[in-house]
Structure formats: C-alpha cells, structure tokens
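Structural overview for review
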Amino acid sequence: MKTELIIRSNSSDIDFALLKDGKLTALNNETNDNKFSVGDVFLAKIGKVLSGLNASFVNVGYEKDGFLHYQDLGAQLKSLNKFIKGVSTGKIKDYTLKNFQLEKDIDKNGSIVDVLKSGQNTLVQIVKEPISTKGPRLSSEISIAGRYLVLVPFSDRVSVSQKIMDPLEKERLKRLIKSIKPKGFGVIVRTVAENKKVAELDKDLQNSLERWVVMCKKFKTLKTQDTPTKVLSELNRASSILRDLFNDSFTSIVTNDEVLFLEIKEYLQEIAPDKESIVSLYKSQLPIFEKYGIERQIKTSFGRTVSMSKGAYLVIEHTEALHVIDVNSGNRSNKATSQADTALEVNLIAASEIARQLQLRDMGGIIVVDFIDMHTAEHRQKLYDHLKAEMDFDRTKHKILPPSKFGLVQITRQRVRPELVIKTQESDPSGGSDEVEAPIVILDHIKDGLEKLISANKHKKISLNVHPFIAAYLTKGFPSIQHKWLTKYKKWIKILPRDAYQYLTYNFTNKDGEIIE
C-alpha cells in the first residue's frame, strides 16, 4: 500500500490529508489558536464538586469548565497530589520518582468528595476536546505518549498492545521494558513497537521521561494564582500524526510550508532516519490540494450522499443522539447470479466505504448502519467479518456488534474531537434559490451511469447530452476525459452540448436519440 501525507499550511491553520493508494482516508485541521488538544496537561483548579454525579468541574481556562469523573481520577491520585505539592514547595527536587514514596490507591468505588475539594490545584490531562456546548473531558491519570511507548507516572504496570498477536513477541517486549523501565513509572507498549530493538525502545522511553522532567520544572515555578496553566503540550499535529501513523508504507510527505518541512525532516531523523528523503517542499503555483486531487475528493466524500462503485451509494444522517447510515444499491445492472449475491456484493463495498467515512469524518458515538437485507447467516457473518477487518486499520477505540434480526449493525466509536463537517453543497449556478451538489460531483454521477450502461451492453451507440460547459470540460485537452473513456470502455461516447440544459442536467441517449437509463 502506498501512503502519502499532504500538508497544506496558511496563516491561520494547517490541513493534513492522508492518502492511501491515492484515496483520501483522513483529513485533519489544526488551528493556530487551538489551546485544548487531546494529550495536553494542565495544572488546573477544581471547581464545583458534585457528589450526585460523582464528578467535578475543573477550570482549565476554557469558556466551559472541564469535566472530571471519579472513574477518571486514576488509582494513584493521592500520589499525584502529594508529588505536585512537594515539587511546588521545593521539597521534592528529584523528578524521576525513584525515591518517591507512593501513597495508597484510592478506593475504585469511592466518592469524589472524599478525595477532591473545591479550589484545590491538581494536574489533569485532556482526553476529549471541547465538543458542541460541552467543555473538555479530563483525566488525572497522566500519560506521556511516545513513538513506541506510553509512559504512565506513579504506576509499576507494564502492558502490551492487544494488536500484537504473537505471544512470544509480547513476552519479549515485556521482558525488555521491565529491564529499562525507571522506578515509579508504568509503561504501555504500542503496536508499532513490534519487533523493535531495545535501543530504539530505550531512546523513546528517555524522550518521554525528559518531557516529564521538563513539565515538573515548569509547574515548580508556578504560583497559586497562575492556575490554570498548560504545563505540557501535545506534539504539534504534524509530529503527532507521524508518531501515531508513520510506518514503512509511507512513500511521500509533502508540505507547502518551509518551516513545517524542516520540522518534519528533523522529527523523521529521530524516528526513522532512513525515511528522511521522502519529505519534500511543494513550490508549484497550483494549490497543493488541487495537485493531489484532494479538493475533488473532499467535494465527493463529505456530502449527505456518498457515491460508491457500481452505482451504489450511502446516505449519512446525523442526529443529536447518533449517526444513521443507509446503504442503497441504486439502479444498477449486475452480473451476480441472484438477488442475495447482489445484496452481499453491495454490502461488502459499503462496509469498506463506511470504515473510510468513519475515519475521514472522525464520526464518534453511536453509529447505526442499515445494510441491505441478507437472509442467510453465512452472508451476514461474511459481512460482519469484512467490516471488522476494514475497521482494524482505525486506531480510534471502537466496537462492532453483529447484524441484528432487523439487519442493522451497531458501532460505537470513541469521540475525542469534534466531528469534521465540511459543507459540500453550493448555490444553484442556474440561479435557483436552493442549494445543489457541487458541480464537480456531476462527473462522478456521469461516470457511474456510463459504467452501468456499458456493463448492460444493450446499446451499440451511446451519446451524452450535457450543458455546454460540462461538454467542454469532458472534451478539452489530450487525453481528454472522452478519450480516456474510449481507452477504458473500448467505445466512443459522443458528447452533445445542449444549450437548453441546466448546469447539472445530463442524459444518455441511444442511436435514435431516445433517453436511456
């Protein structure tokens, strides 16, 4: 698989597009004024403590207080607060925890009023960005993520990613980590650590430990009135994406920003020196997202309706409580031997696209998918297995339930950032008051319609009737889209400009000029 990361930077924000074999699979945006990213650590002040919710509101400097539930305090809360107090007063000068005496764990079924008081300062980490009217979701169980390992202060536990399946490799990693792990810190071994040497793991561990020490030095100098204050920032989005996603399949990283170009090269020198050469600076006059076909894919991927191959399509609706995705086969001819085979084929195509859409839009919460009805247990199991396999590439925590008796598949996906919503509809170019699909989308509809007619093989001659502007687009240049169709379908499609047509209207006709579908 060929993986490319395209980064577009302007004065106010940065856009990251991840392409796999040329297809857009992830799109992220980072604004320069984003002060509350997942992974940021704050020295914050406890607000209202609510015994009824067994939670507390916490002032982290956002317009809405953050939310800290008792279950997110972490068992080592007393040790954390004792350490903060000791560092702040200067009594603790060794931040490595090797001589720090841990306190007793808090009761996992206890009450928040017994461990937190209003006005108290404590260390919290953002685990979910502010979404809609809600403030950030917080945790007092601090963790510092590296490339291969996650460092967890005030713990002694070593755990290995469940995605590493080989029991011998799991045992090897546990043994290695226990030999290099500093006292007072737990370690979570990430999936990308599989088959890595101890030197690479130790270097990553030391980098995270250095970040912990720098953070401790920072809140040592803070005064009570300085809270809330960010004491540790997550890596910038470019570095965090590379840290979490980078692997041997990456063939290209391209950015139009010289500062980012240098930062990425420097970061790759640390994590993958042999891949430094894949980073390049984009200098063409043509916008970078246009060059790599990303703008077109955004227009066709973020609408309410999402087209798929062979005429099938998805309808994606968002309610306050959940997302609903409807799978439709469309009016399509098919060579499958039965209706059941057709349903299975469309559902498998839809499952792959749904897995892509969940990552692309960063959809979270509850997702209900209404697949086309399948009446055999074998087909339902095949769909379920295929969807799980496609979702294996999604790093966000998720759970998929088997199809219900009604043919519905329920998915839960962790929501840590606001869903990415991009407006794809535009003003009607014909002057109407309603909004319509972006004109670029019509090309995909035309292509789908043409493929259905070609596969049906009922017409020797096919003509396409379109608005003159669309006709000009299809016939300009060499090879034009019309010539590409000839190469692909071995059939010349005659294109007829029609002045009477509106911009987004088109029809296929046969040799007698009759409209065909």
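It should be noted that the structure appears before, not after, this text.
In what follows, the accompanying structure is described. What you see is a predicted model; the values in this text were computed from it and never measured.

All right, on to the overall build of the chain then. Helix and strand counts for the chain stand at 12 helices and 27 strands. If one aligns the C-alpha atoms of the chain with their principal axes, the spans along those axes are about 90 × 55 × 55 Å. Within the chain, contacts between residues separated by at least 24 positions form 66% of all contacts whose residues are at least 6 apart in sequence. A total of about 27,400 Å² of accessible surface is found on the chain, and carbon and sulfur atoms cover 50% of it. Charge centroids of the chain, computed over 78 positive and 66 negative side chains, lie 3 Å from each other.

Reading across the sheet, the 5 strands line up as E3-E2-E1-E14-E15 and stay open at both edges, with mixed pairing between neighbours. On the outer flanks of this sheet lie strand E3 (23-31) and strand E15 (279-281), each paired with one strand and no other. Between one strand and the next, the sheet's axes are offset by a mean angle of 15 degrees, whatever the strand orientation. Summarising the sheet, strand E1 (residues 3-9) and strand E2 (residues 13-20) pair through 7 bridges and their orientation is antiparallel.

With that settled, consider the sheet that holds strand E10 (residues 149-153). One open sheet accounts for 4 strands, arranged E9-E10-E12-E11; its pairing is mixed. For this open sheet the edge positions go to strand E9 (144-145) and strand E11 (158-160), each flanked by a neighbour on one side alone. Relative to strand E12 (residues 185-189), E10 runs antiparallel, the two being bridged by 5 bridges. Directly across from Leu 149, in E12, lies its bridge partner Val 189. Across the sheet, helix H2 (residues 167-180) is in contact with E10, E11 and E12; its angle to E11 comes to roughly 150 degrees. Here helix H3 (residues 198-220) sits on the sheet and contacts E9, E10 and E12; the angle it forms with E10, its principal contact strand, is near 40 degrees.

Once that is clear, we can look at helix H1 (residues 77-89). One turn of an α-helix holds 3.6 residues; hence residues three or four places apart share an orientation. A rise of 1.5 Å per residue sets the reference length of H1, with its 13 residues, at 18 Å; its end C-alpha atoms lie 18 Å apart and thus fit the reference within 8%. The first or second residue beyond H1 is Gly 90, which carries a positive phi of 85 degrees.

This structure, assessed with the given rule, holds 12 aromatic pairs. Judged by centre distance (5.6 Å) and plane angle (15 degrees), the rings of Phe 36 and Phe 42 are stacked. Per residue, the accessibility class of Phe 36 equals that of Phe 42, and both read buried. With 6.0 Å between their ring centres and 80 degrees between their planes, Tyr 506 and Phe 508 make a pair best called edge-to-face. Relative accessible area serves as the criterion here: at 25%, Tyr 506 is assigned to the partly exposed category. For Phe 508, a relative accessible area of 5% translates into the label buried. Every member of this aromatic cluster is reached through a ring pair, and the members are Phe 83, Phe 100, Phe 154, Phe 185 and Trp 212. The aromatic ring of Phe 289 is capped on one face by Arg 8, whose charged end is 4.1 Å from the ring centroid. Here Lys 82 stacks its cationic end above the ring of Phe 100, 5.1 Å away from the centre of that ring.

What counts and how
- Residues numbered from 1 in each chain as written.
- Predicted model: local features only at pLDDT ≥ 70, side-chain atom pairs only at ≥ 80, totals over all residues.
- Heavy atoms only, no water.
- Helix = DSSP H or I, 4+ residues; strand = E, 2+ residues; numbered from the N terminus.
- Contact = heavy atoms within 4.5 Å.
- Areas by Shrake-Rupley, 256 points an atom, 1.4 Å probe, with all protein chains shown as cover.
- Lys, Arg positive; Asp, Glu negative; His and termini not counted.
- Charge placed at Lys NZ, Arg CZ, Asp CG, Glu CD.
- Pairing = 2+ DSSP bridges.
- Axes fitted to C-alpha atoms, helices over the stretch in contact; angles between N-to-C directions.
- Expected span 1.5 Å × (residues − 1).
- Phe/Tyr/Trp six-rings, centres within 6.5 Å; stacked < 30°, edge-to-face > 60°.
- Buried < 20%, exposed > 50% of the residue type's maximum accessible area, 1.4 Å probe, protein only.
- Lys NZ or Arg CZ within 6 Å of the ring centre and 35° of its normal.

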